[in-house]
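Structural description and commentary
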Amino acid sequence: MSRVTTLGILADRLRKMERVRRPSGGQECLVRTGHAALDSVLPGGGLCRGTLVDWINSDGPGSGAGTLALLASGGVMGEERRPGTLAVVDRGGGFYAVAAASLGVSLEQVLVVRPVSEEEWLWAVEQVLRSPAVDVVLTWAGSLDERVSRRWQLAAEHGGGVGMLVRPVDVAGDASWSAVRVMVRGCVAG
């Protein structure tokens, strides 16, 4: 099957899944993550639909930013009366579905996109953010061109979902179009 055919099939599936769920006329866009401890540190006590969230690994990979993004994703998707959709745009091939399931994310609600180039990754993230069929978009991103970040923010606003960007600490000083930036630091219990 050609790449164009595959993309066409995926686009058709997304159109069939699309539903309007954005708040209308000044209604609150806030959604809870389903985790009181996490909600307590987020502005307003949750996340706002139509926005991007940076989850920054302050201690490097393994600090828990990806785990917190998945926990929050599961809560945002479960907030509504019907099941939501999580689109994971995984350009590095490191997304482990079993780990997501162990965090309470129903794999029946997960769409995994594995782009083969940087260009495809940028395009795929923008497209799933723009789709009203997708409640949460999760991807791993390093430094982003400001224009790309702005396009993603506008796409999230249009689609009404929440974009979760797991990012390394070296982007903490960069300008961002994300509504919330969460610095995640690992700790050892004991």
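Everything here concerns the structure above.
An account of the accompanying structure is given in this report. Being a predicted model, the structure only gives us computed values, none of them experimental.

What to know about the overall build of the protein
- Summing up its helical and strand segments, the protein has six helices and eight strands in all.
- Seen in sequence order, the protein has helices and strands lined up from the N terminus as α-β-α-β-β-α-β-α-β-α-β-α-β-β.
- Burial status across the protein gives 46% buried among its 190 residues.
- Long-range pairs, those at least 24 residues apart, make up 76% of the contacts in the protein with a sequence separation of at least 6.
- Carbon and sulfur atoms make up 55% of the accessible area of the protein, which totals about 9900 Å².

Points about the pairing of strand E3 (residues 51-57)
- Among the seven residues that make up E3, seven are buried, leaving the element largely enclosed by the rest of the structure.
- Neither face of E3 is open: one carries Thr 51, Val 53, Trp 55 and Asn 57, the other Leu 52, Asp 54 and Ile 56, and all of them are buried.

Some remarks on the state of the cysteines
- Evaluated as defined, the whole model comprises one disulfide.
- Here Cys 29 engages in a disulfide with Cys 48; their sulfurs sit 1.6 Å apart. Here the S-S torsion is close to -90°, and the disulfide linking Cys 29 with Cys 48 is therefore left-handed. One end of the pair, Cys 29, is in the loop between helix H1 (3-17) and strand E1 (30-31); the other, Cys 48, is in strand E2 (residues 47-48), with 19 residues separating them in the sequence.
- Judged by relative accessible area, Cys 29 falls into the buried class, the value being 18%.

Focus on the environment of Asp 174
- Here Asp 174 lies in the loop between strand E7 (162-168) and strand E8 (180-184).
- C-alpha of Asp 174 to C-alpha of Ser 143: the two residues are 31 residues apart in sequence and 7.8 Å apart in space.
- When sequence neighbours within four positions are dropped, the list of residues in contact with Asp 174 reads Ser 143 and Arg 181.

Some points on the sheet that holds E8
- Strand order across the open sheet formed by six strands is E5-E4-E6-E7-E3-E8, with parallel pairing between neighbours. Two strands close off the open sheet at either side, each with one partner strand: strand E5 (110-113) and E8. Averaged over all pairs of adjacent strands, the angle between strand axes in this sheet comes to 20°, irrespective of strand direction.

Quick look at the side chain of Ser 149
- Mapped onto the fold, Ser 149 is located in helix H6 (residues 146-159).
- Relative accessible area serves as the criterion here: at 6%, Ser 149 is assigned to the buried category.
- There is a polar contact of 3.3 Å between the side chain of Ser 149 and the backbone nitrogen of Trp 177.
- Sequence-distant contacts of Ser 149, defined by excluding residues within four places in its chain, comprise Leu 52, Ser 176 and Trp 177.

Focus on the nonpolar core
- If you look at the biggest cluster of nonpolar residues, it comprises 26 residues, and the most contacted ones within it are Leu 47, Val 53, Trp 55, Leu 86, Leu 138 and Met 164.
- Listing elements by their share of this core, those giving two or more residues are E3, helix H3 (65-78), strand E4 (86-89), strand E6 (136-140), E7 and E8.
- A per-element tally of this core places H3 first, with six residues.
- What Leu 47 contacts, discounting residues up to four positions off in sequence, is Cys 29, Leu 30, Val 31, Thr 33, Leu 42, Val 53, Ala 72, Val 76, Val 162 and Met 164.
- Grouped together as the second largest cluster of nonpolar side chains are 18 residues, Val 134, Val 137, Ala 155 and Leu 165 included.

Remarks on the pattern of salt bridges
- If you walk through the whole model with that rule in mind, you get eight salt bridges.
- For Arg 49, the salt bridge identified is with Asp 135, shortest N-O distance 4.0 Å. Separated by 86 residues along the polypeptide, Arg 49 in the loop between E2 and E3 and Asp 135 in the loop between helix H5 (118-130) and E6 bring together distant segments of the chain.
- With a relative accessible area of 8%, Arg 49 lands in the buried category.
- For Asp 145, the salt bridge goes to Arg 147, with nearest N and O atoms at 3.1 Å.
- Overall, Asp 145 belongs to the partly exposed group, its relative accessible area being 37%.

Reading the values: the criteria
Residues numbered from 1 in each chain as written. Predicted model: local features only at pLDDT ≥ 70, side-chain atom pairs only at ≥ 80, totals over all residues. Heavy atoms only, no water. Helix = DSSP H or I, 4+ residues; strand = E, 2+ residues; numbered from the N terminus. Buried < 20%, exposed > 50% of the residue type's maximum accessible area, 1.4 Å probe, protein only. Contact = heavy atoms within 4.5 Å. Areas by Shrake-Rupley, 256 points an atom, 1.4 Å probe, with all protein chains shown as cover. Disulfide = S-S within 2.5 Å. Pairing = 2+ DSSP bridges. Axes fitted to C-alpha atoms, helices over the stretch in contact; angles between N-to-C directions. Polar contact = N/O pair within 3.5 Å; in protein donor to acceptor, adjacent residues only side chain to side chain. Core = buried A, V, L, I, M, F, W, Y, C linked by side-chain atoms within 4.5 Å. Salt bridge = Lys/Arg side-chain N within 4 Å of Asp/Glu carboxyl O.

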